[in-house]
Amino acid sequence: MTDLMVEAEGLVKRFGETRALQGVDLAVPRGTVHGVLGPNGAGKTTAVRILSTLLRPDAGSARIGGADVVRDAQRVRSRIGLTGQYASVDEDLTGRQNLVLFGTLLDLRKPAAKARAAELLEWFDLTEAADRPAKTYSGGMRRRLDLAASLVGRPDVIFLDEPTTGLDPSKREDMWGVVRTLVRDGSTVLLTTQYLEEAEALADEITVIDHGRVIANDTPDRLKRIVGGQTLEVRPTNPADLEKTGLILAAVATGGQTAEQTRKGVLSVPVAGDEALTEAVARLATAGIAVTELSMHLPSLDEVFFTLTGKPKEEVAAA
Amino acid sequence: MTAVAVLPENKVHKGPFRGVRHSLELTKRSLIKTWRTPEALIDVTVQPALFMVIFVYIFGGAVAGGTHQYLQFLMPGILAQTVAMGAISIGVNLNSDLEKGIFDRFRSLPIARSAPLIGAVLGDVVRYVVVSISTFAFAYLMGFRLHASPVHAVAGCLLAVLFGLCLSWALVFVGMLVRTSGAVQGIGFLVIMPLTFASNVFVGVATLPGWMQGFVKVNPLTHLVESMRALFLGTPVGDHVWWTLGWCAAFVAVFMPLALAAYRKKV
């Protein structure tokens, strides 16, 4: 038995003239977080809606834990949890009523549904607000209630469609913590995001999609390596050594580039690979230059995205 | 292997009645929503009172030779009209609800697709019960008097409630077909309004031109009104109750599958 919890091959979806997906493949092993990264309109939400049985693909197929999302939709539904970009809870019901309703719809008996609701409300810090209508909740609280609602049935596979869009940074960190907990407890998470740092922080593997096509699929680290060289940064202990350090770095740099002072007292230079680090350390030692900081940096995912899509990130964020 | 099976067996419902149970849980959801937003019941409580005042005191003398006689004649008709108009709101509400995330949630759950629609329709029973009570209460204040036992009166009201429930499926269908809730309102009104006027709600059938009588005599509302008049005023019921029940069955048989099919297609 394959241990892929999410498998998709050649997913195609058109909405009239718009081709939302043009052959998307995905494979997510059990117990991992898979990030689907792309700008607005890239097809992320369409892919999630197909995988969660809300939409039928025009072509291609997908399976969740081996169950086909079209032919075996009810079985798929019994093992997934879906948290959309917009909170899908009943605004007129209280947080608790929402969770109990979803529990009973998942065939829990009343006491079990109530217990599960209380447990989730506690976990998501909503106990105090539990008996207020959801429409009185703040954006962050709604998002937490929505996530709680998707966890009522202890799903194996959890889809998080832009779970932190519109949340402030501290709330975003909280949400990341929740995702990590879920994965630690054995769930498989497929997460869409337009935040590059979010994919980098959470995902074991990232699929970058743009205009309904997969343009890259790899681990965050390898993606970054594919896209570009690395940067070597050195901070000499004595600022007087900056000039000598610069010469040494220029010697190990790619294509005769010179070192630049990116931060005060720190020199950086593009390098071809890990050997450059060893080389630099040896030369610095020979020259007797003491350093307080020496590090290799992969390019940021922002740069990855720029290289892959040919669009600057500003455009992505504004789209 | 499924997520639900992870839970201890005794905590999980089983058996063939899952669909019914899910629909009833969702009915409860509708009832909670109605309880939270009682203002949504204003149309069905104020409208019959308004119509009775307008028609009884303006047309009563001309149509029936006296306001009391006309009130006795009109009251069952107003109840039927309000129930029929009340059914429009379910189409409107469901149409706008579909746009909300909650329906995504329902559709991602392993429940029958029809359960949320059935729950919403059943939840509207409370509207029709409120209509019946408020129309009766206001009519009594205006001088309406029963000429039959309370059991008959209750039976008449139940018939109206059932009619509203079954007619709702036609409006749910419209709600699934068109894009905006405003359009549902418009279409609903265009269909229900002629039905209520080209009937025996306001005047006796005999006063109408012959070509119109043909329509009025098959109009489902005519049969509902005749049934209620007979039940409230203690006159012979004839076969109007059967006609009404037949229409109710027809509404459900035709429009429920259509509505469910349109719902599946829409989402």
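Above this text you will find the structure in question.
Residues numbered from 1 in each chain as written. Chains lettered and ligands numbered in written order. Predicted model: local features only at pLDDT ≥ 70, side-chain atom pairs only at ≥ 80, totals over all residues.

A. Examining the overall build of chain B more closely. From N to C terminus, chain B includes 11 helices and zero strands. Overall, chain B shows an N-to-C arrangement of helices and strands of α-α-α-α-α-α-α-α-α-α-α. For 267 residues, the compact-globule estimate of 2.2 N^0.38 gives 18 Å, and chain B sits close to it at 20 Å. Seen through its principal axes, chain B has C-alpha atoms that stretch 75 × 35 × 35 Å. Here chain B holds 267 residues, and the buried ones make up 41% of them. (Helix = DSSP H or I, 4+ residues; strand = E, 2+ residues; numbered from the N terminus. Rg over C-alpha atoms; globule rule 2.2 N^0.38 Å. Buried ≥ 20, exposed ≤ 12 C-beta atoms within 10 Å, placed from the backbone.)

B. Structural context of the overall build of chain A. Summing up its helical and strand segments, chain A has 12 helices and 14 strands in all. By its C-alpha atoms, chain A is 75 × 45 × 40 Å across when sized along the principal axes. Evaluated residue by residue, chain A yields a buried proportion of 47% over its 319 residues.

C. Structural detail: the sheet that holds strand S13 (residues 266–271) of chain A. Residues and elements named next belong to chain A. In spatial order, the strands read S12-S13-S11-S14; together these four strands make up an open sheet with antiparallel pairing. Since the sheet does not close on itself, it has two edges, and those belong to strand S12 (260–263) and strand S14 (291–297), each with one partner. Put simply, the sheet's adjacent strands are angled 30° from each other on average, direction ignored. Relative to S13, strand S11 (residues 230–236) is paired through five bridges, and the arrangement is antiparallel. What sits directly across from Thr-231, in S13, is Pro-270. Where helix H9 (residues 242–252) meets the sheet, it contacts S11 and S13, and its direction lies at approximately 10° from that of S13. Those strands touched by helix H10 (residues 274–287) are S11, S13 and S14, and its axis lies near 20° from that of S11. (Pairing = 2+ DSSP bridges. Axes fitted to C-alpha atoms, helices over the stretch in contact; angles between N-to-C directions. Contact = placed C-beta atoms within 7 Å.)

D. Spatial organisation of the environment of Val178(A). With respect to the helices and strands, the residue Val178(A) is situated in helix H6 (residues 169–184). The spacing of Val178(A) and Leu54(A) is 124 residues in sequence and 25 Å in space, taken between C-alpha atoms.

E. Structural detail: the pairing of strand S7 (residues 157–161) of chain A. All names here are of chain A. Within S7, five of the five residues are buried, which leaves the element mostly enclosed by the surrounding structure. Here S7 shows two buried faces, one formed by Val-157, Phe-159 and Asp-161 and the other by Ile-158 and Leu-160. The pairing of strand S6 (residues 80–83) with S7 spans four bridges and is classified as parallel. Considered in S7, the bridge of Leu-82 is made with Phe-159. In the sheet, S7 pairs with strand S8 (residues 188–193) via five bridges, with the strands oriented parallel. Bridge pairing links Ile-158 to Val-189 in S8. Traced from S7 through H6 to S8, the parallel crossover comes out right-handed. (Right-handed = clockwise from strand over helix to strand, strands pointing away.)

F. Looking closely at unusual backbone geometry. Residue and element names in this part refer to chain A. In this structure, Thr-53 takes a positive phi of about 70° despite not being glycine. Within the fold, Thr-53 resides in the loop between helix H1 (44–51) and strand S4 (59–64). A positive phi angle, close to 45°, is found at Glu-162, a residue other than glycine. For Glu-162, the position within the fold is in the loop between S7 and H6.

G. Focus on helix H3 (residues 95–105) of chain A. Among the 11 residues that make up H3(A), 11 are buried, leaving the element largely enclosed by the rest of the structure. Within H3(A), the full set of buried residues consists of Gly95(A), Arg96(A), Gln97(A), Asn98(A), Leu99(A), Val100(A), Leu101(A), Phe102(A), Gly103(A), Thr104(A) and Leu105(A). Contacts made by the buried residues of H3(A) are with helix H4 (110–123) and helix H5 (139–151) of chain A together with helix H1 (18–36) of chain B. Asp107(A) occupies a position one or two residues after H3(A) and carries a positive phi of about 75°.

H. Structural detail: the interface of chain A and chain B. With 34 residues of chain A at the interface, the matching set in chain B holds 25 residues. Looking at the side of chain A that touches chain B, the elements that each hand over two or more residues are helix H2 (73–77), S6 and H3 of chain A. Sort the elements by how many residues they give to the side of chain A that touches chain B and H3(A) lands first, with five residues. Counted by class, the side of chain A that touches chain B contains 16 nonpolar, nine polar and nine charged residues. (Nonpolar A, V, L, I, M, F, W, Y, C, P; charged D, E, K, R; others polar.)

I. The arrangement of the pairing of strand S3 (residues 33–37) of chain A in detail. All names here are of chain A. Most of S3 is tucked away, with five of its five residues classed as buried. Here S3 shows two buried faces, one formed by Val-33, Gly-35 and Leu-37 and the other by His-34 and Val-36. Here S3 pairs with S8 via five bridges, running parallel. Bridge pairing in S8 places Gly-35 opposite Leu-191. Sheet topology note: the S3/strand S9 (residues 205–210) ladder contains four bridges and is parallel. By the bridge assignment, Leu-37 is partnered in S9 with Val-208.

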